[in-house]
Amino acid sequence: MGGLLFGYDWVVIGGAKPFYEEYFGIGGDPVMQGVAMTTALVGCLAGAMMAGALADRYGRKPLLIVAAVLFTVSAVATGLFNDFTLFNIARLVGGVGIGVASALSPMYIAEVSPTEIRGRMVSLNQMTIVLGILAAQVVNMLLAQDTTIAASQAWNIEWGWRWMFWAETLPAGLFLVLSFFIPESPVFLKLVSNKIQVEKAEREPCMGLSELVATKYSGVLLLGLVIAVFQQWCGTNVIFNYAQEIFVGAGFDVDGMFINIVITGIANVLFTFVALYTIEKWGRRTLMLIGAGGLGLIYLILGSCYAMHVEGVMMVVLVVAAISCYAMTLGPVTWTLLAEIFPHRVRGIAMATCTFALWVGCCTLTFSFPSMNAVFGSSGTFWIYSGICLCAFVFLYRKCPETKGRSLEELERELVG
């Protein structure tokens, strides 16, 4: 449910955008449009960073309950407010929920799962994210009335965008109810038990970020940070965020653009299913290398096609190939590795730090694409992404361990001693 709400809350604003902009009168103000679109992202950064330290101190379960509360409050309030400032505050609250859920959901799943199916179980988190994205797209499509009819357009502007946010209340409320029935993570309970056994001794303080960077954990933290940022800077998410520019640049009209967006969405879901079956058979390291190398090659070809002004089906095939490669490798495997590689004593703060870095990567990727596209063109931009992927391939080949079939305790001994 954490992953599902992550995906839904992240994407639902895209369908509501043309209607709430008209309602709040910001259609001609790019600054205010940018504020509305990025408020939740700011919340994501804050939520991800706070989640780790709080989860290490108070446990995973209480923080998951908090995330459910934040999702529920945000879903109701975003559609309820008539003031633009209050609207953004509600989105900020939802963003904090996304940040907490994105950091804790895969970590909790890894800690409660048996070793032999841990990768598949953590990959379910990515599956629910893409299903949440698809659910938001379907809900937006079903709620939006015919924009060519004046009465329907007026309903969209007054009520349609509100119901797009209110629809999130159902899964958010379900997440809130169910989160009370899950057990606390056994890894956290073991950590608490070990502290209690040191009777009347000075308690070891919770590890902060400065200590994490300066100690023996710095090496594995660097690995986690590179994996997290690379998942965003591999470039695949710009296809979703800037589908219009990409497909129009490939020669498609508006109708063709929307059809191709649906095709990429379907591919995203289908190949995430593939990851559920390959992650335990092929291993995390192998899939990460396939993802980095495969995307590097696809983007090299895609950039060359843009340079030669190739248009039509060939471009769609390449874009779908990139989405498919990402969906079965870097998308789910990144979350699995981040949930596995850190020792239990620092898993909360380290996972939160890497999730924070991932969202920073998302933010910088999103904001840099238009400028890169303007300066280098579509061909140069995808060649840059190809270079990033190939550099990441070399790093992962040298540094990324194989975690398949190994207990969290065994991984801790190997990675940090």
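Everything that follows concerns the structure shown earlier in this document.
Keep in mind it's a predicted model, so treat the numbers as computed, not measured.

Report on the packing of helix α10 (residues 218-233) against helix α16 (residues 330-340), specifying residues and quantitative values.
Remark: α10 packs on α16, axes separated minimally by 10 Å, with the N-to-C direction vectors making an angle of 160 degrees. As judged from the angle between their axes, α10 and α16 are roughly antiparallel. In the packing of α10 onto α16, the handedness of the crossing is left-handed. Side by side, α10 and α16 meet where G224, I227, A228, F230 and Q231 of the first sit next to L330, G331, T334, W335, L337 and L338 of the second. A breakdown of the residues in the contact of α10 with α16 according to their chemical character gives seven nonpolar, four polar and no charged.

Tell me about the packing of helix α5 (residues 118-143) against α16, and name the residues and values.
Following both chains from N to C, one finds α5 and α16 inclined at 130 degrees, their axes separated by 8 Å at the closest point. Accordingly, the angle class assigned to the pair α5 and α16 is oblique. Regarding α5 and α16, the two cross each other, and that crossing is right-handed. Each of R118, G119, V122, S123, N125, Q126 and I129 in α5 lies in contact with α16, whose residues at this interface are G331, P332, W335, T336 and E340. Of the residues in the contact of α5 with α16, the class split is four nonpolar, six polar and two charged.

Tell me about the pattern of salt bridges, and please be specific about residues and values.
If the charged atoms of two oppositely charged side chains come close together, the side chains can form a pair. Scanning the entire structure with this criterion turns up five salt bridges. The salt bridge involving D9 is made with R91; its shortest N-O contact spans 3.5 Å. A residue pair is termed long-range when its members are at least 10 positions apart, and D9 in helix α1 (residues 2-24) and R91 in helix α4 (residues 84-112) qualify at 82 residues. As far as the burial class goes, D9 and R91 line up, both buried. When the shortest N-O distance is used, the salt bridge between R284 and E340 registers 2.6 Å. Here R284, found in helix α14 (residues 284-307), pairs with E340, found in helix α16; they are 56 residues apart in sequence, far enough to count as distant.

So what's going on with a nonpolar patch on the surface? Which residues, and what values?
Taken together, L131, L134, V138, M141 and L142 make up a surface patch of nonpolar side chains, about 450 Å² in accessible area. Relative to the elements of secondary structure, L142 occurs in helix α5. Among the residues examined, L142 registers a relative accessible area of 62% and is labelled exposed.

Describe the packing of aromatic side chains, listing the residues and the values that go with them.
Per the stated rule, a full pass over the model turns up 20 aromatic pairs. On the basis of an interplanar angle of 40 degrees and a centroid distance of 5.0 Å, the ring pair of Y20 and F87 is categorised as tilted. Of this pair, Y20 sits in helix α1 while F87 sits in helix α4, and the two are 67 residues apart along the sequence. On the accessibility criterion, Y20 (0% relative accessible area) is buried. A relative accessible area of 0% means that F87 is categorised as buried. By way of ring pairs, the aromatic residues Y20, Y23, F24, F84, F87, W161 and F165 are connected into one cluster. Positioned above the aromatic ring of Y23 is the side chain of R162, whose terminal nitrogen or guanidinium carbon lies 4.9 Å from the ring centre.

Quick one: what's the story with helix α18 (residues 408-416), residue by residue and with numbers?
Every buried residue of α18 is listed here: L408, L411 and V416. Axial view of α18: buried residues confined to an arc of 90 degrees, hence all on one face.

Describe the side chain of T329, naming the residues involved and giving the relevant values.
Its location among the elements puts T329 in the loop between α15 (313-328) and α16. Engagement of the side chain of T329 in a polar contact is seen with the backbone oxygen of C325, the distance being 2.4 Å. Non-local contacts of T329, meaning those with residues more than four positions away in its chain, are made with L287, I290, G291 and T334.

Let's hear about the side chain of S102: which residues, and what values?
When you line up the elements, S102 lands in helix α4. A polar atom in the side chain of S102 sits 3.2 Å from the side chain of W359.

Give a description of the environment of M121 that names residues and reports values.
One can find M121 in helix α5. We classify M121 as partly exposed; its relative accessible area is 30%. Separated by 15 residues in sequence, M121 and P106 place their C-alpha atoms 8.7 Å apart. Setting aside anything within four residues of it in sequence, one finds M121 in contact with I109 and S113.

Pulling in residues and values, what's your account of the environment of A136?
Position of A136 among the secondary structure elements: in helix α5. Taking relative accessible area as the criterion, A136 reaches 0% and is therefore assigned buried. Taking C-alpha positions, A136 is 8.1 Å from G15, a pair spaced 121 residues apart along the chain.

So what's going on with the nonpolar core? Residues and values would help.
In terms of nonpolar packing, the biggest core is built from 89 residues, with L295, Y299, W359 and Y385 touching the most fellow members. Per-element tally for this core: the top contributor is helix α17 (residues 347-399), with 15 residues. Setting aside residues no more than four positions away along its own chain, Y385 makes contact with W233, C234, G235, V238, Y299, L365, F369 and M372. If you look at the next biggest cluster of nonpolar residues, it comprises 15 residues, including Y8, V12, A36 and F87.

Cut-off values and rules
- Counting starts from 1 at the beginning of each chain's written sequence and moves along it residue by residue.
- Note on the predicted model: pLDDT of at least 70 is required for a residue's local features to be given, and 80 or more for side-chain atom pairs to be given and counted; whole-chain, interface and lining totals, by contrast, use all residues.
- Note that the side-chain values use all heavy atoms of the structure and ignore hydrogens as well as water.
- Geometry is summarised by axes, namely lines fitted to C-alpha atoms with helices restricted to the contacting stretch, and by angles between N-to-C directions that run from 0 to 180 degrees.
- In this text, helices come from DSSP runs of H or I with a minimum length of four residues, and strands from runs of E with a minimum of two, each type numbered from the N-terminal end.
- Reported orientations rely on four angle classes, namely roughly parallel under 35 degrees, roughly antiparallel over 145, roughly perpendicular from 65 to 115, and oblique for the rest.
- Here is the rule for handedness: rotate from the far helix to the near one, and if that takes an anticlockwise turn smaller than a right angle the crossing is left-handed, while a clockwise turn gives right-handed.
- A contact between two residues is defined here by any heavy atoms of the two lying within 4.5 Å.
- Nonpolar residues are Ala, Val, Leu, Ile, Met, Phe, Trp, Tyr, Cys and Pro. Charged residues are Asp, Glu, Lys and Arg, and all others, Gly as well, are polar.
- The rule for a salt bridge is simple: a side-chain nitrogen of Lys or Arg has to be within 4 Å of a carboxyl oxygen of Asp or Glu.
- Relative accessible area decides the class of each residue, using a 1.4 Å probe on protein chains only: under 20% of the type maximum gives buried, over 50% gives exposed, and in between gives partly exposed.
- Patch members must show over 30% relative accessible area and no salt bridge, and they are joined within 9 Å when carrying like charges or within 5 Å when they are nonpolar side chains of Val, Leu, Ile, Met, Phe, Trp or Tyr.
- For every accessible area listed, the method is Shrake-Rupley and the probe measures 1.4 Å; residues are considered covered only by the protein chains on display.
- For this analysis, a ring pair means two rings from Phe, Tyr or Trp (six-membered ring only for Trp) whose centres lie within 6.5 Å, classed as stacked if their planes differ by under 30 degrees, edge-to-face if by over 60, and tilted for the remaining angles.
- Two thresholds decide whether a charge sits over a ring: the Lys NZ or Arg CZ must be within 6 Å of the ring centre and within 35 degrees of the ring normal.
- The directions considered for the arc run from the helix axis to the C-beta atoms.
- Polar contact criterion, stated in full: a pair of N or O atoms within 3.5 Å, where within protein one must be able to donate a hydrogen and the other to accept it, and residues adjacent in sequence count only if both atoms are side-chain atoms.
- We call a set of buried residues a nonpolar core when its members are Ala, Val, Leu, Ile, Met, Phe, Trp, Tyr or Cys and they connect through side-chain atoms within 4.5 Å of each other.

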